Structures are given as C-alpha cells and as structure tokens.
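Coordinate analysis (summary)
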Amino acid sequence: MESNVKSGFATLIGRPNVGKSTLMNHLIGQKVAIMSKKPQTTRNNIQGILNTEDAQIVFVDTPGIHKAKNKLGEYMVQVAERTLNEVDVVLWLVEPGTFVGKGEQHILKRLAKVKTPVILVINKIDTVDTEGVLKTITTYKDLYDFSAIIPVCARTGQNTGELLKEIAKYLPYGPRYYEEDAVTDQPERQMVAELIREKALHSLGEEVPHGIAVTIEQMEKKHKIMHIEATIICEKDSHKGIIIGKGGAMLKKIGSTARYEIEELLGCQVDLKLWVKVKKNWRDSEYLVKNFGYRKEE
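Residues numbered from 1 in each chain as written. Predicted model: local features only at pLDDT ≥ 70, side-chain atom pairs only at ≥ 80, totals over all residues. Heavy atoms only, no water.

Applying the stated criterion across every chain yields a total of 4 aromatic pairs. With a centroid separation of 6.0 Å and 35 degrees between ring planes, the pair formed by Trp92 and Phe146 is classed as tilted. Of this pair, Trp92 sits in strand S4 (residues 89-94) while Phe146 is found in the loop between helix H4 (130-141) and strand S6 (148-151), placing the two residues 54 residues apart along the sequence. The buried category is assigned to Trp92, whose relative accessible area is 0%. Note on Phe146: relative accessible area 11%, which makes it buried. (Phe/Tyr/Trp six-rings, centres within 6.5 Å; stacked < 30°, edge-to-face > 60°. Helix = DSSP H or I, 4+ residues; strand = E, 2+ residues; numbered from the N terminus. Buried < 20%, exposed > 50% of the residue type's maximum accessible area, 1.4 Å probe, protein only.)

Okay, the pairing of strand S5 (residues 118-122) next. In terms of burial, S5 is a largely internal element, 5 of the 5 residues being buried. Residues Val118, Leu120 and Ile122 of S5 are buried on one face, and the alternating residues Ile119 and Val121, pointing to the opposite face, are buried as well. Of the pairings in the sheet, the one linking S4 to S5 comprises 5 bridges and is parallel in character. Bridge pairing in S5 places Leu91 opposite Ile119. For the handedness criterion, the β-α-β arrangement of S4, helix H3 (residues 102-111) and S5 is classed as right-handed. In the sheet, S5 pairs with S6 via 4 bridges, with the strands oriented parallel. Note that in S6 the partner of Ile122 across the bridge is Pro151. Handedness of the β-α-β unit built from S5, H4 and S6 comes out right-handed. (Pairing = 2+ DSSP bridges. Right-handed = clockwise from strand over helix to strand, strands pointing away.)

Right, let's talk about unusual backbone geometry for a bit. For Lys124, which is not glycine, the phi torsion reads 65 degrees and is therefore positive. Tracing the backbone through its elements, the reader meets Lys124 in the loop between S5 and H4. Judged by its relative accessible area of 27%, Lys124 is partly exposed. Positioned with a positive phi, Asn159 is a non-glycine residue whose angle comes to about 70 degrees. Secondary-structure assignment places Asn159 in the loop between S6 and helix H5 (160-168). Judged by its relative accessible area of 31%, Asn159 is partly exposed.

Let us now look at the sheet that holds strand S9 (residues 269-278). Overall, mixed pairing links the 3 strands, which are arranged S7-S8-S9 in an open sheet. The open sheet has two edge strands, strand S7 (213-222) and S9, and neither has a second partner. Mean inter-strand twist for the sheet, computed between neighbouring axes without regard to direction, equals 15 degrees. Relative to S9, strand S8 (residues 225-234) runs parallel, the two being bridged by 10 bridges. Among the inter-strand pairings, Ile232 is bridged to a residue of S9, identified as Val276. Packed on one face of the sheet, helix H6 (residues 188-204) meets S7, S8 and S9 and runs near 125 degrees to S7. The sheet strands contacting helix H8 (residues 249-266) are S7, S8 and S9, and the helix crosses S9 at an angle near 135 degrees. (Axes fitted to C-alpha atoms, helices over the stretch in contact; angles between N-to-C directions. Contact = heavy atoms within 4.5 Å.)

See below:
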C-alpha cells in the first residue's frame, strides 16, 4: 500500500455548456467525455482518471444540473445530484459574469444540502480581463462558503495546475482505485457510441434537436479490423431524412469523422456501418431511456 498517495473522487457540476467535459479531458490528457455546443451533451456519469506520482484523482463528469423536462432529463438530473454527497470534493464550474441566473440559483439550492467541500471554478477566463474575473469572484464569494475559488481556462489549461493542487487537499490517503495507466472506467462500446453521437451533433448543427441516441448493435474484431454496426436513434421521420442526407451524404460524413477517432481510441482499423431508426418521443419513455443505456443507479 502506498502510504504517501492520496486517492479520491472529484465531481464536476454546473450548467450545461460551462465546460465540464473540456476541463476533464484537459486534466486527463485525452478525450474521455464528448463535447458539443448543444446543452446536456453528457448523459452518463463519466469517470476520467488522473494519475500522478502522489495522487490518483477520479473525475466524475456528470450531466448538467437543470430542471428536467422529460424522462431523459429526470435521469440526467438524478445522476448529477446523487454524486454530490458521494465524492471527496465538488467542482462547480461557472462562467465569468456578475449575473446569477435561475440555473445558478437552482444549483445553490442543491449545494445547500451538501456537506462535501465545494471549489468554485470560474472557467473561460480567456474571455474577460482581470477585472472581469475579480468581479465574478466578488459576486459568488458571499453566496456560498466555498473551500476555494479558482479561475481557469479549460481550453488552454491556464491555472489548471493550481486547481489540481487544491483538489488534492481534500483527498484522503489511500490506495489507488484504478491501475496507474487507466484513464477512464467507460467500456469501449459506450465510448464508441458516444463518439458517434458527438460527431452526429457536430455535423447536424442546429438542424436536428438534441434528441438522438446511439446504440452499438455489433462490435467484433476480425483479421485485425474492428467491425462495428451502430444505429442512430432519432425522434421524428423528418429528422431521419436530415441525418441520412441527400444520397446518404450526411450519414457518410458522420461515419467518416467518427471512424477516425474510433481508430485512435481502439488502435486498429475500423469498419463502421451506420443506420438510422425513428423512435418517436423516446426521451419521454422510461423503457426506451433505459434501453438506450441511460440507467438510474439505486
């Protein structure tokens, strides 16, 4: 047992699009959580693992805390909120600004019930000057008894070293939970599905609402080639046509961009086949939400 090693869990919370996945990916040093400008991109409780000589920090990137509008939303909020009292430290990410909106007030109410140390992380400091950062600190410091307030830029990594030092203060001494070369606890099938969903979100832009899911039908390696068959689930017949595109052009674009990153992830050549299916209003169906892999933990 490594008596001088600290090991523990840090959860990232915040409104959608505040940069939680970007920050975790930067700290880990590679992509373990998908990124998109669309809200509520993260749907599962993703764990990224950072190993240093004297610490192992397991980052939990939760779905954004927000008011649920459907069964999928309820699942996402439940996943985010249940982690708050189960980790060693909470990182609340906010953007620079002096306006504390309903979303932030909603999170403050949730944090009022939490005994876990909370570090306020002011992200995207590259978008404002020093005075703007100081005004943000002044705005938030009296709203909650934060253990620390750390301004960072997740995109460039500015000041993330200071953040890691602060996180380590709240971790207990103990054995590493994962092997020293581990970077995530996600199964490969789940990571492949999420990469396809990310590329679909990027390629489709604003044309198709956020209601898409990806299921892996088959994933098998033959003769050094990984053969993957996946289905993109959408909510409307009109969305299916947009996802496929004229002559299948959009689906080919999604497949080719996803294939490149999947090959990087798996370290082998990939043969990727994509289909599109319509499951109307699937986000309102508890059965389909569970069926597509978004399961509540008791």
